[in-house]
Amino acid sequence: MALTLPPGLLAAVLLFWGWRADLWFWALLLALILEAAPYVNRRWALSDRELGRVVDLTALLWLGALGVLFARALAQPPLATQLYALAGWGPLLLFPPLAIQRYSTAGTFRVGHWVHGLRRSESERAHRPLRLDVAYFLACLLAAGVTSRPFYLPGVGVLLLWVLLARRPRRYRWPLALTLALAAGLAAWPASQGLHRLQSGLEETFAAWLQDRFADFDPYRSSTALGDIGSLKVSERIVLRLKPTPDDRGPWLLRAASYNTYFDGVWLARGVRFARLEPWGDGGEWRLHPPPPGESRRLDITLELRRGTGMLPLPVDVWRLTRLPVGELQLGSLGALKASDGPGLIEFAVESAAVSPTGESHPPTAFPRAEVDREGWELDLGLPRREQATLYRLADDLGLTGQPPAVAAARLRAFLRDEFRYSLDLPAPAAGRTALETFLLEARAGHCEYFATAAVLLLRAAGVPARYATGFSVSEYSPWEGAYVARRRHAHAWALVWLDGGWRDFDATPPDWTSFEAARAPWWQDLSDLWDWSSHRFNRWRWREASVAAGDRRGWWGAAGLLAVLLVGRLLHRRRVRRLPAARPPPLRSQPGAESPFYRVLEQLADERGPRPPGEPLERWLRRIGAWDRPGMADMVRWHQRWRFDPAGLPEEERRRLAAAVAARIGPAGAMET
């Protein structure tokens, strides 16, 4: 027997969902549409095939919603958050078939409509009716639970109690049913708390995994892979796109963060402070420094921001950003830029100092005070105690000590590029030596973190201020994108050296490192690039729509309204809407034995001795009031009860005997003979 919901319950659960999801308007609208069905006397005459199409359209709605949320998860992980959003949309996505069920002449779907393999089957299972009321009720309860508002369990308890009391067996009185339901609700409270803790633990584990996969740059700490053993694994996922001017050939180093203190394989940003920048003009322009002399180099950058916040990989000599759609931009004392309150995908233009004929950019005319503060140079010249002696000795052997900064930098670059090789296969540190000492004195092979760390510390040993920088090296052109791209494996580390009054990029990693990593690309990289390109195009459209003003979306609402009108017109054509027949009261069914004349005797006895209590058997009552022993009473009771309860009824002859016996016992004035 299928469970039927009491009237008004779906409206109540919709309002409960609307309150928790802050969607009062939609909840009230859907509730009114569903609850108005019994009062509307017109129905859509939909064929069996058209009911199947309704199910197909519902499936397309779900697939479309799933696609939108999956694309959003790529730009704004974690995926669990988007799956919760999909569950929260359940009442909206399941509403069309439920409304069709209530406003169609069929009044129900069948199993074959929802199971495609049974749609053309003639089996009994395929034609079994399937109503959506209970499934929709459960979907609303699930959707109401994805928000963090309180009182979810009490609300669910009240709604379920409504169902249980309305559909309880009539032999159970409502006080007993209410007591049992309350006891079950109290017992469910500890279980719900345990499930909540389990859910929180799983969410934290899943979020940690996603954070590792979509890790952003940390402006305060950078853990290197110095000393790790084995082959360093990198990802092919595209995270940044760059379009230069036609005369700019690259490659480009885009710094995301800088660090000034090294200890045991970890670079830290000590004393870093972030200051909020004020936008220029209409809010889309941000200036970091005054404009440099001469022309500027321009780059167009497209970057994903996790949850609208992240570090911006930029050239070290950037002075202006335009078309940057973020609410806040902060400049760190080590030169890093942090954006917040932005969309999941940003496209902006960067202007930096122009490149000179020698291939180096002109230093900016001025830097923020924190960038050149002499008090901070103590950190920019600091060396780790454990490797300090090795670094001083090697700087003397290379002839770096006492040389001008430019000469020391040139000698160090030649040494690292000529005497060392790039490798992602990491050896174990030699006995008694650190990973950095093993790299400099024995292995002479490593990845960019080794080269950048060695360059920074050897320059400091020679008396030249230097910092450790992380970001991207961009040199790969993608035909799919029509732009230069940076993959996860293009994440790079290099040194920043103080030359000629400004911080300059100093990359000592052998230049063949990009081709080395490109040769290790998997065979399916083209398919991955196609997916990244498709996802990027979709995200561009989605975030562009999210950034426009609400008033500018009236065209989309108009198109949606026109589509709705066309669909309704499709349903209404060819007289598909039919008037329901007028409701007729159910025919009165006479109770067997209702015309028995013995009821007159019972009425007389009730007037004389008082009415028979409910539930007391007839014979017991007659014996109690002293009427059973009267002549003919037993025969009249037997004929009367047989007339009422025997499926074959009372034969005509015995009916006449009963009528004669009753007439003999009741006088002309209606008084019973004793």
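Here the structure is shown first, and the text comes after it.
Residues numbered from 1 in each chain as written. Predicted model: local features only at pLDDT ≥ 70, side-chain atom pairs only at ≥ 80, totals over all residues. Heavy atoms only, no water.

Caption draft 1: Representation of the overall build of the chain within the structure. Counting its regular elements, the chain contains 23 helices and 26 strands. Put simply, the chain has 674 residues, and 43% of those count as buried. Looking at the chain as shown, the accessible area adds up to about 37100 Å², and 59% of this sits on carbon and sulfur atoms. (Helix = DSSP H or I, 4+ residues; strand = E, 2+ residues; numbered from the N terminus. Buried < 20%, exposed > 50% of the residue type's maximum accessible area, 1.4 Å probe, protein only. Areas by Shrake-Rupley, 256 points an atom, 1.4 Å probe, with all protein chains shown as cover.)

Caption draft 2: A look at helix 1 (residues 9-21). For helix 1, which comprises 13 residues, the first-to-last C-alpha distance of 18 Å matches the rise-based estimate of 18 Å (1.5 Å per residue) to within 8%. Listed in full, the buried residues belonging to helix 1 are Leu-9, Leu-10, Ala-11, Val-13, Leu-14, Phe-16, Trp-17, Gly-18 and Arg-20. (Expected span 1.5 Å × (residues − 1).)

Caption draft 3: Up close: the sheet that holds strand 12 (residues 296-304). Read from one edge of the open sheet, seven strands run 11-14-17-12-6-23-22, paired in antiparallel fashion. Two strands bound the open sheet, and with one partner strand each, they are strand 11 (286-287) and strand 22 (476-478). Two elements, strand 11 and strand 14 (residues 318-322), share two bridges in a ladder whose sense is antiparallel. The partner of Arg-287 across the bridge, within strand 14, is Arg-320. (Pairing = 2+ DSSP bridges.)

Caption draft 4: View of the environment of Val-497. Residue placement: Val-497 occurs in strand 24 (residues 491-499). Look at Val-497 and you get buried, because its relative accessible area is 1%. Remark: the alpha-carbon pair of Val-497 and Ala-406, spanning 91 residues in sequence, is separated by 9.3 Å. In this structure Val-497 touches Leu-459, Val-464, Pro-465, Ala-466, Gly-502, Trp-503, Arg-504 and Phe-506, once residues within four positions along its chain are discounted. (Contact = heavy atoms within 4.5 Å.)

Caption draft 5: Main features of the pairing of strand 15 (residues 328-332). Burial analysis of strand 15 places four of its five residues in the buried class, the great majority of the element. Where strand 10 (residues 274-276) meets strand 15, three bridges bridge the pair, whose relative direction is antiparallel. Note on strand 15: the bridge partner recorded for Ala-275 is Leu-331. For strand 15 and strand 16 (residues 337-340), the ladder comprises four bridges, and the chain directions are antiparallel. In the strand pairing of strand 16, Leu-329 is matched with Ala-339. The antiparallel hairpin formed by strand 15 and strand 16 contains four residues in its connecting segment, where Gly-335 sits at a positive phi of about 100 degrees.

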